[in-house]
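A closer look at the structure
If you want the building blocks of each chain, they are given just below.
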Amino acid sequence: MEQRVKRVDDGATLPPTHTLGGDESARLQSSPAPGGDERIRVALIYGGTSGEHSISCATAGAVMAALDPKRYDVVSIGIRRDGTWVPGESDPSKLQLGGATTEVADSDERVIVPPGNGSSEWFAACDSEQGMQLRSLGHIDVAFPLLHGPFGEDGTIQGLFEMANIPYVGCGVFASAAGMDKHYMKIVLHDAGIPTTPSIAVTRQRWAVDRAGVLQDVASLGLPVYVKPARAGSSLGISRVDTISQLDLAMETAHKHDPKVLIEAEVRGREIECAVLGGHGVEPARAASPGEVVLEARNAQFYDFEHKYVDTEELRMQVPAHLDSEVTRRIQEMAVRAFDAFACEGLARVDFFLTESGELLVNEINTMPGFTPFSMYPVMWEKTGLPYRSLVDELITLALERGTGLR
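Residues numbered from 1 in each chain as written. Predicted model: local features only at pLDDT ≥ 70, side-chain atom pairs only at ≥ 80, totals over all residues. Heavy atoms only, no water.

The biggest cluster of nonpolar side chains holds 42 residues, and the ones touching the most others in it are Val 63, Phe 144, Phe 371, Val 392 and Ile 396. For this core, the elements supplying multiple residues, two or more each, are β1 (40-47), α2 (53-66), β7 (142-145), β12 (270-277), β15 (315-318), α11 (376-382) and α12 (388-402). Per-element accounting of this core gives the leading share, 7 residues, to α12. Not counting residues up to four positions away in its chain, the partners in contact with Val 63 are Leu 44, Phe 144, Leu 146, Phe 371, Tyr 388 and Val 392. Of all hydrophobic cores here, the second largest spans 30 residues; its members include Leu 189, Ile 194, Ala 285 and Val 327. (Core = buried A, V, L, I, M, F, W, Y, C linked by side-chain atoms within 4.5 Å. Buried < 20%, exposed > 50% of the residue type's maximum accessible area, 1.4 Å probe, protein only. Helix = DSSP H or I, 4+ residues; strand = E, 2+ residues; numbered from the N terminus. Contact = heavy atoms within 4.5 Å.)

Rendered as structure tokens:
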């Protein structure tokens, strides 16, 4: 789920126990491609059917530009808003926000991903007057899905890669699905003993047949509440409800994005985020320097889509967040606990509320966080000693080490 950063403030990095060692960082930046001159073939997959389509395109452009052409052979694949897979853009500058292509364009060709043992070639197919024409895209070593929202971040495409036996960057099927659904996300966190914000889940069916019961539950949460789609990102469809009369419109807005809605009690506190990166083999996951979302707009009620992407003038990201060492340690430990509770792999961003009393509550976990060089996740790692290009290398390395199947 993407975020854009307007300004990042410098600060001291964490002690070496919380960052990558110098030798490891140097290895990631300078190591040659395996097998001598043979490059790793990476399928960058972007676009998608969710409301975060353009953000995904911009992310793909950033990652494409960061991949060393001496080490990687990039196969670009776009998913159009209607769900069709097509050959993607090869020029990363055309995928930036405001560039020539911030939406996946149509094509006569369709990309085919064959299931099997992972050794099959991928193809671009075109229906011509001479019949179906196939163009080989070659063997793919690893897929890098840069998709946000439903049908990209929710375990569906991860299941496709598992069926095709193609290693892929990021979390697996369960972690992706449970992390995307804010209702089940809270169930997993609660079972792990990790505190979350009080909430209720409301399906479209219950809203239709038991509205009185929903209103009773909302009253038990207390006003104001926040009404949000259970499985959407980038704050799409979220409304703040100060009076019960506003609930109908808020539910209608959320239902435009998802038939299941989460209604959360308001929590007053600082919004702190922490980036987590998976470990190699049996090594533990690693947490970066936490960052803070600082929304300075006087009339802003919450960190919504408008302030993330449109009216960003009064939005500031503080990295590292101004926290004492003990609070920083608690946030990092809880972020890794949340990562482990979902059996996450590769990457995740854990978002917290830090109340005035010092209580930490997990707001949500994002298994495909915003990933442009100016997004919070990469910036947090940059400030912890891992530059963007090295972070991309590390994620691909982790995916290749992990492989597919039960683990």
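So, on to the packing of aromatic side chains. A complete count under the given rule lists 4 aromatic pairs for this structure. Relative to Phe 371, the ring of Phe 144 lies with its centre 6.3 Å away and its plane at 55°, an arrangement referred to as tilted. Of this pair, Phe 144 sits in strand β7 while Phe 371 sits in the loop between β17 (360-366) and α11, placing them 227 residues apart in sequence. Residue Phe 144 is classed as buried on the basis of its relative accessible area, which comes to 1%. With a centroid separation of 5.6 Å and an interplanar angle of 35°, the aromatic rings of Phe 161 and Tyr 168 are classed as tilted. Across the pair, exposure class does not vary: Phe 161 and Tyr 168 are buried alike. Counting every residue linked through ring pairs, the aromatic cluster contains Phe 144, Phe 371, Tyr 377 and Tyr 388. The ring of Trp 207 has Arg 211 sitting right over it, with the charged end atom 4.1 Å from the ring centre. Positioned above the aromatic ring of Tyr 168, the side-chain terminus of Arg 402 is 4.7 Å from the ring centre. (Phe/Tyr/Trp six-rings, centres within 6.5 Å; stacked < 30°, edge-to-face > 60°. Lys NZ or Arg CZ within 6 Å of the ring centre and 35° of its normal.)

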